[in-house]
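Examining the three-dimensional arrangement
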Amino acid sequence: MSTTLPFPRTPALVAGFLARWRWPTPGDVVALLSLAVLLLFLVAAVQPAWLAPGDPLAADRTALLSAPSTVHVFGTDALGRDVYTRVVHGARPSLALGFGAVALALTVGTLLGLLAGLTRRVVPTVILRLTDIGAAFPELLMAIFIVALFGSGMGHATVAIGIAGIPYYTRVVRAQALQVRATAYVEAARSLGLTRAEVLLRHLVPNALRPVMAIATLGLGSATLAGAALSFLGLGNPPPAPEWGSMLTQARSFLTLGWWAAVFPGAALTLFVMSTTVLGQWLRRRLEGRR
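Keep in mind it's a predicted model, so treat the numbers as computed, not measured.

Rules used in this analysis
- Residues numbered from 1 in each chain as written.
- Predicted model: local features only at pLDDT ≥ 70, side-chain atom pairs only at ≥ 80, totals over all residues.
- Heavy atoms only, no water.
- Helix = DSSP H or I, 4+ residues; strand = E, 2+ residues; numbered from the N terminus.
- Buried < 20%, exposed > 50% of the residue type's maximum accessible area, 1.4 Å probe, protein only.
- Contact = heavy atoms within 4.5 Å.
- Areas by Shrake-Rupley, 256 points an atom, 1.4 Å probe, with all protein chains shown as cover.
- Core = buried A, V, L, I, M, F, W, Y, C linked by side-chain atoms within 4.5 Å.
- Polar contact = N/O pair within 3.5 Å; in protein donor to acceptor, adjacent residues only side chain to side chain.
- pLDDT = per-residue confidence, 0-100.
- Axes fitted to C-alpha atoms, helices over the stretch in contact; angles between N-to-C directions.
- Parallel < 35°, antiparallel > 145°, perpendicular 65-115°, else oblique.
- Left-handed = near helix turned anticlockwise from the far one by under 90°.
- Nonpolar A, V, L, I, M, F, W, Y, C, P; charged D, E, K, R; others polar.
- UniProt positions renumbered as here; feature names shortened; annotations may be inferred.
- Salt bridge = Lys/Arg side-chain N within 4 Å of Asp/Glu carboxyl O.
- Patch = residues over 30% accessible without salt bridge, like charges linked within 9 Å, V, L, I, M, F, W, Y side chains within 5 Å.

With that settled, consider the overall build of the chain. Per the secondary structure count, the chain includes 13 helices and 0 strands. When its helices and strands are written in sequence order, the chain yields α-α-α-α-α-α-α-α-α-α-α-α-α. Within the span of the chain, comprising 291 residues, buried residues form 40% of the whole. Counting only contacts in the chain whose residues sit at least 6 apart along the sequence, the fraction spanning at least 24 positions is 70%. As displayed, the chain has an accessible area near 16,300 Å², and 70% of this comes from carbon and sulfur atoms.

Below, the structure written as structure tokens:
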């Protein structure tokens, strides 16, 4: 008497799993490594004491511009402060500026892009003209102009970089909204009797915002780099607080005597920008259906 198994046999399960399995591409591996690096920076920003329990402002007068050693892994700066501790603690203001600027640009740019893409006549025209004016200036130059008007500081630098990035998000979201509005499934939803609000919330807005995650990841690196540039120019986070840009500007006068004081903050900034760029490009390829 034969019995029917409630589940497929083990070979069938393995065959089905192997049929669906796709080996990760080199791009997937690099993206995973970039994600791990990004998570490490996030840990440094949220809980810097886990990685560097020392005081970033503590100065050792007996070890001025000390080279990297077992005591000071990244060496010390011109005031005897441990460079490794300052690099780790400098992740918080640097990343806070980048995340804050991206959040501002993303929120305002998405709202303006949706308005420009889903409305008609006067509103899109006004938004596009303002966007053209903002896009006519490089983001960093626009940020410097805004900071010069309202003053330097961490908050003003974050707002300035965020405002400078609004035109880019507005254009991308508007183009995506126009593309989604003309698709067949939106027309089908309308023909089925869905209200304008239902079509907007169920179909237009979610699909129009699909590329935003990849764009925001790419923009995070550029915003953090712009914030470091403002701090390097003395318009961002003021010393002695640890911040990658301000650390670079303090170390530039001692490059021949202590190169490590500038190299390690610059390497941290470069590594963060590279990881966000690689991860953002990987997300964009995945959203476009490419591996």
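To continue, consider the environment of A223. Inspection of the secondary structure puts A223 in helix α11 (residues 212–232). Considering only alpha carbons, one finds A223 and E139, 84 residues apart in sequence, at a separation of 9.2 Å. Every residue in contact with A223, bar those within four places of it in the chain, is listed here: L97, G98, A101, V102 and I161.

Let us look at the nonpolar core. Counting residues in hydrophobic clusters, the biggest one holds 45 residues, and the most contacted among them are L95, I161, W244 and F272. Taken together, the elements giving at least two residues each to this core come down to α2 (26–46), α4 (83–89), α5 (91–118), α7 (139–150), α8 (154–181), α11, α12 (244–251) and α13 (260–287). In terms of residue count, α13 provides more of this core than any other element does, 8 residues in total. Ignoring any residue separated from it by four or fewer positions in sequence, one finds F272 in contact with L38, F41, L95, L220, G221, T224 and W244. The next biggest cluster of nonpolar side chains, apart from the first, holds 10 residues, and it includes V180, L204, A208 and V212.

Next up on the list: the side chain of T85. Mapped onto the elements, T85 comes out in helix α4. With a relative accessible area of 8%, T85 lands in the buried category. In terms of polar contacts, T85 uses its side chain to reach the side chain of D82, at 2.8 Å. The residues touching T85, leaving out its near neighbours within four places in the chain, are A52, G54, D55 and P56.

Okay, the confidence of the model for the chain next. For the chain, per-residue confidence averages 83 on the pLDDT scale, and 89% of positions sit at 70 or higher. Per-residue pLDDT, averaged within each element of the chain, yields its smallest value for helix α1 (residues 10–20) (53) and its largest for α4 (94).

As a further point, take the packing of α7 against α11. Running from N to C, α7 and α11 point in directions that differ by 50 degrees, and their axes come no closer than 11 Å. Here α7 is positioned oblique relative to α11, judged by the angle of their axes. Judged by the twist between their axes, the crossing of α7 over α11 is right-handed. On α11, the residues touching L140, A143, I144 and V147 of α7 are A226, A229 and L230. Split by residue class, the contact of α7 with α11 holds 7 nonpolar, no polar and no charged.

Along the chain, R81 turns up in the loop between α3 (48–51) and α4. Among all residues touching R81, those that are not within four sequence positions of it are P56, L57, A58, A59, G75, T76, R86, P240 and Q250.

In the UniProt entry, the feature "transmembrane region" (unreviewed entry) is given for residues 29–51, 95–120, 140–169, 212–237 and 257–283. Secondary structure content for residues 95–120 is 92% helix and 0% strand, while the C-alpha to C-alpha distance between its ends is 38 Å.

Across all of its chains, the model carries 4 salt bridges by this definition. Members of the salt-bridge network, linked through shared partners, are D77, R81 and R86.

Bringing a nonpolar patch on the surface into the picture now. Taken together, the side chains of V122, V126, L130, I133, F137 and L141 present a nonpolar region at the surface, about 590 Å² in accessible area. Sort the elements by how many residues they give to the nonpolar patch and helix α6 (residues 122–135) lands first, with 4 residues. By the element assignment, L130 lies in helix α6.

Our next topic: the packing of α7 against α8. Axis angle and axis distance: for two packed helices, these are the angle between their axes and the distance between the axes, and together they describe the pair. Orientation of α7 relative to α8, taken along the N-to-C sense of each, is 140 degrees, at an axis distance of 8 Å. Between α7 and α8, the angle falls in the class oblique. The way α7 lies across α8 gives a crossing that is right-handed. Counting all contacts with α7, which are made through E139, M142, A143, I146, V147 and F150, the residues of α8 involved are H156, A157, A160, I161, I163, A164 and G165. A per-class count over the contact of α7 with α8 returns 10 nonpolar, 2 polar and 1 charged.

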